[in-house]
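The chain contents come next:
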Amino acid sequence: MEIHSAKFVKSSAKFEQLPEPNYPEYGFVGRSNVGKSSLINALVERKSLAKTSSTPGKTQLINHFLINEEWYLADLPGYGYAKVSKTQRAGFGKMITDYVLDRKSLMNLFVLVDSRIKPQKIDLEFIEFLGVKEIPFGIVFTKTDKLTQKQAHANQKAFRNALLQKWEQLPAMWFTSAVKGRGRRELLAFIKEVNEVWTPVN
Ligand code: GTP
Ligand code: MG
């Protein structure tokens, strides 16, 4: 898929503020600092469409971008940010939970996982929640430029094994690097395919 336009639409602090669910939508979610905003910029090849930061927990809002006047990309707040209150940290945050459960136009959620580290409890818990609620999702391993192919595959295998303790089937998975553009083509091809089964929400 060629990207010919990418526009910031709005930031929402509450579910009620989200834009009308008029387009097929793809949410990007994952722990703070995992590389959500960077991957979004890499996908659409715009350097600073989504704000990135080396300080975790920067995006506390849901930011919507309209791509090709045809589909929405949603940059979600990070979960598991250590500085939020204990009660907030226990869950994934009300904004994320409301969005995942009630966003009618959500076609697929991309769950970003840092390719450099062993399976994290909070990621596994989040994925379990998606499975129980039957939310369509895939797993995106980020920052693969920071390790060797061998290490990335070993970490992915550990992640698959952790998932296989609970599930018989594994979700779709991609290796990505926002720096190198790795995975860009595959993710866009997937989105294009899923866009074709969109039926307007009424
Ligand atoms: P929050 O919005 O705070 O939850 O963070 P985020 O998930 O949006 O992460 P963000 O894109 O802001 O990136 C966090 C840090 O990781 C930044 O310093 C990025 O430059 C760096 N980073 C993100 N993706 C990559 C990547 O693919 N490779 C490398 N080397 N660094 C990356
Ligand atoms: Mg961000």
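An account of the accompanying structure is given in this report. (Residues numbered from 1 in each chain as written. Chains lettered and ligands numbered in written order. Predicted model: local features only at pLDDT ≥ 70, side-chain atom pairs only at ≥ 80, totals over all residues. Heavy atoms only, no water.)

### Describing the overall build of the chain
Threshold: What counts as a helix is a DSSP run of H or I of at least four residues, what counts as a strand is a run of E of at least two, and both are numbered from the N terminus. For this measure, only C-alpha atoms enter the radius of gyration; the expected value for a globule follows 2.2 Å times N^0.38, where N is the number of residues. Three labels apply to residues, based on accessible area from a 1.4 Å probe with only protein chains included: buried if under 20% of the type maximum, exposed if over 50%, partly exposed otherwise in between. Reported accessibility uses the Shrake-Rupley method at a 1.4 Å probe radius. Residues are deemed covered only where the shown protein chains occlude them.
Broken down by element type, the chain carries 6 helices and 7 strands. Secondary structure of the chain in N-to-C order comes out as β-β-α-β-β-α-α-β-α-β-α-β-α. Over its C-alpha atoms the chain spans a radius of gyration of 16 Å, differing by no more than 12% from the 17 Å that the globule rule assigns to 202 residues. Summarising its shape, the C-alpha atoms of the chain cover approximately 40 × 40 × 35 Å along the three principal directions. Per-residue burial over the chain gives 50% buried out of 202 residues. Put simply, the chain shows about 10,800 Å² of open surface, and 50% of that area lies on carbon and sulfur atoms.

### Focus: the sheet that holds strand β7 (residues 172–175)
One key point about sheets: their strands pair by backbone hydrogen bonds, in either a parallel or an antiparallel sense. Note the cut-off: Should DSSP find at least two bridges between two strands, the strands are regarded as paired. Angular values range over 0 to 180 degrees, each being the angle between N-to-C directions of two axes fitted as lines to C-alpha atoms, with helices fitted over their stretch in contact. Contacts were defined at the residue level, with two residues in contact if any of their heavy atoms lie within 4.5 Å.
Pairing within the open sheet is mixed, and its 7 strands lie in the order β1-β3-β4-β2-β5-β6-β7. Since the sheet does not close on itself, it has two edges, and those belong to β1 (6–12) and β7, each with one partner. Going from strand to strand, the sheet's axes swing by 25° on average, the running direction of each strand aside. In the sheet, strand β3 (residues 62–67) pairs with strand β4 (residues 71–75) via 5 bridges, with the strands oriented antiparallel. When the bridges of β4 are listed, F65 appears paired with L73. In this fold helix α4 (residues 121–132) packs onto β2 (25–30), β5 (106–114) and β6 (137–142), with an angle of close to 165° to the strand it touches most, β5. Set on the sheet, helix α5 (residues 149–164) makes contact with β5, β6 and β7; between it and β7 the angle comes to about 160°.

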